Amino acid sequence: MAAALGDVAEVPAPPPLAWPSDDIHRIPFWAYTRPDVYERELERLFYKGHWAYVGLEAEVPKPGDYLRTVIGERSVILVRDADGQLSVVENRCAHRGMRFCRAKSGNATSFICPYHQWSYNLKGDLQGVPLKRGVRQDGQWLGGMPTDFKTSEHGLTKLRVAARGGVVFATFDDAMESFEDFMGPTMLGYFDRLFNGRKLTLLGHSRQRIPGNWKLMQENIKDPYHPGLLHTWFVTFGLWRADNKSQLRMDAHGRHAAMISTRGEAKARADVTGDVTVGVSSFKASMSLHDDRFLDVVPEAWWGGPSAVMMTVFPSVIFQQQVNSVSTRHIQPRGPNAFDFVWTHFGFEDDTEEMTRRRLRQANLFGPAGFVSADDGEVIEFSQQNFSADAAQSTLAELGGRGVGDTEHQVTETLIRGMYAYWRKVMAL
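This one's a predicted model, so the numbers in the text were calculated from it and none came from an experiment.

(A) The layout of surface pockets, seen in detail. Of the volumes computed, that of the largest pocket is approximately 460 Å³. What lines the largest pocket is a set of 19 residues, among which Glu-219, Asp-223, His-226, Ser-383 and Ile-416 lie closest to the centre. The set of elements that each furnish at least two residues to the lining of the largest pocket consists of α3 (215-220), α4 (227-230), α7 (373-389) and β21 (394-396). Of all the elements, α7 adds the most residues to the lining of the largest pocket, at 4 residues.

Given below as structure tokens:
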């Protein structure tokens, strides 16, 4: 029967959220595409129960310096106040909710909302309200705020802050465990290996928007299977191959992980042929460099052996040490089908000028147009296109078995399985 004029057609409710089986080695496509899943992720993974990366202390070195960034989709500001202390406040005026800070970074003595000129100090306390008492006409005050209005009750939302080794995390969750407990002893050890107390220096940023679900980037850096197969640079020049001495480690929950690899002695293209290159289309035996300084790798004392450690801190950040290039990679969700990816390249205050140039050269392997990382953005986009086309299907993550555990090799997807075991528990799926 045809609907009567003016009737509103009923929109069928989405099917209930239920993982199709008890396993963690098959991830349903809908986990990457459903808006209701995404909204639950924001609430349970970004706004509660987790520390989220916001930036480096080197990005706000002086009193008054601030950096506008995000946690999930909520805009926040990392700021160093006049006393040199770090604060993180939500970029939302307490009056009418406007996102008042529009500059990406800068230096300020206060924050003023342009809508009605409410002003806040750098700690987020409300300092001034125009026409708070109203306006005086004919000997009397008209309008204004109620007599019981207290500026102390209307500051910006203040987040808890944890700074360690020059890296700043924040959380909206007042009941959140300490940052150290959140990381766990194993992951904290790898964190402290990179951020070992030396003062960081900022080398630059790059950013891109990738049309794929944010979890795919966490997966990508928990996946040692693909680097020696997808990336021509890695397999051809021996920077990351399946036969490198390797370890995979995770925290007790399976949420954070580290892929650790030690580059072999082979440096020249001719030295990297072998079983792991046979039949690999990305291996280019004829490839050579016009500028071989890209392979000018100098071991550093703080490495302690591994030439590369790729560390994922769930859900928001990746810490990269890939030979001499070091950076943070901030995952910023933009709906279920896209995320912004912000790279912050850094060095150390005691680096020589030569080492700084080396870090900058090797950073060309990464970022939106990086010789390596451009591949990752492309395969994530193509994967997301298929996820959206048929939500009834699932991905397969059975390499190395179907369980979860640390390994001494790269030929496994154990870290991905560990992440989804945790994800399912927190998401109550």
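(B) Quick peek at the pairing of strand β19 (residues 325-333). With respect to burial, β19 is a largely interior element, 9 of its 9 residues being buried. Covered by surrounding structure in β19 are Ser-325, Ser-327, Arg-329, Ile-331 and Pro-333 together with Val-326, Thr-328, His-330 and Gln-332, the residues of both alternating faces. As paired strands, strand β18 (residues 317-322) and β19 are joined by 6 bridges and run antiparallel to one another. Across the sheet, Phe-319 pairs through a bridge with Thr-328, a residue of β19. In sequence, β18 turns back onto β19 through a hairpin of 2 residues, with Val-323 there showing a positive phi of about 50°. Taken together, the 7 bridges between β19 and strand β20 (residues 339-348) define a ladder with antiparallel strand orientation. Residue pairing across strands places Thr-328 opposite Thr-344, the latter belonging to β20.

(C) Quick peek at the sheet that holds strand β3 (residues 65-71). What the 4 strands build is an open sheet, ordered β5-β4-β3-β6; its pairing is antiparallel. Only two strands of the sheet have a single partner each, and these edge strands are β5 (86-90) and β6 (105-107). Direction aside, the axes of adjacent strands within the sheet are offset by 25° on average. Here strand β4 (residues 74-80) runs beside β5; their pairing, made up of 5 bridges, is antiparallel. Bridging across to β5, Leu-78 finds its partner in Val-88.

(D) Main features of the state of the cysteines. Inspection of the entire model under this criterion finds 0 disulfides. For Cys-93, which is in no disulfide, the shortest distance to another cysteine sulfur is to Cys-113 and amounts to 3.9 Å.

(E) Examining the side chain of Glu-59 more closely. With respect to the helices, strands and loops of the structure, Glu-59 is situated in the loop between β2 (52-56) and β3. Arg-207 is the oppositely charged side chain nearest to the buried, salt-bridge-free Glu-59, at an N-O distance of 6.9 Å. Among the polar contacts listed, one links the side chain of Glu-59 to the side chain of His-205, at a separation of 2.8 Å. Apart from residues no more than four positions distant in its own chain, Glu-59 is found in contact with Tyr-53, Leu-67, Leu-202, His-205 and Thr-344.

Reading the values: rules and limits
Residues numbered from 1 in each chain as written. Predicted model: local features only at pLDDT ≥ 70, side-chain atom pairs only at ≥ 80, totals over all residues. Heavy atoms only, no water. 1 Å grid on protein atoms, 1.4 Å probe; cavity = no way out; pocket = protein on both sides within 12 Å on 5 of 7 lines; lining within 4 Å. Points joined across faces, edges and corners; volume = space filled by probe spheres on them. Helix = DSSP H or I, 4+ residues; strand = E, 2+ residues; numbered from the N terminus. Buried < 20%, exposed > 50% of the residue type's maximum accessible area, 1.4 Å probe, protein only. Pairing = 2+ DSSP bridges. Axes fitted to C-alpha atoms, helices over the stretch in contact; angles between N-to-C directions. Disulfide = S-S within 2.5 Å. Lys, Arg positive; Asp, Glu negative; His and termini not counted. Salt bridge = Lys/Arg side-chain N within 4 Å of Asp/Glu carboxyl O. Polar contact = N/O pair within 3.5 Å; in protein donor to acceptor, adjacent residues only side chain to side chain. Contact = heavy atoms within 4.5 Å.

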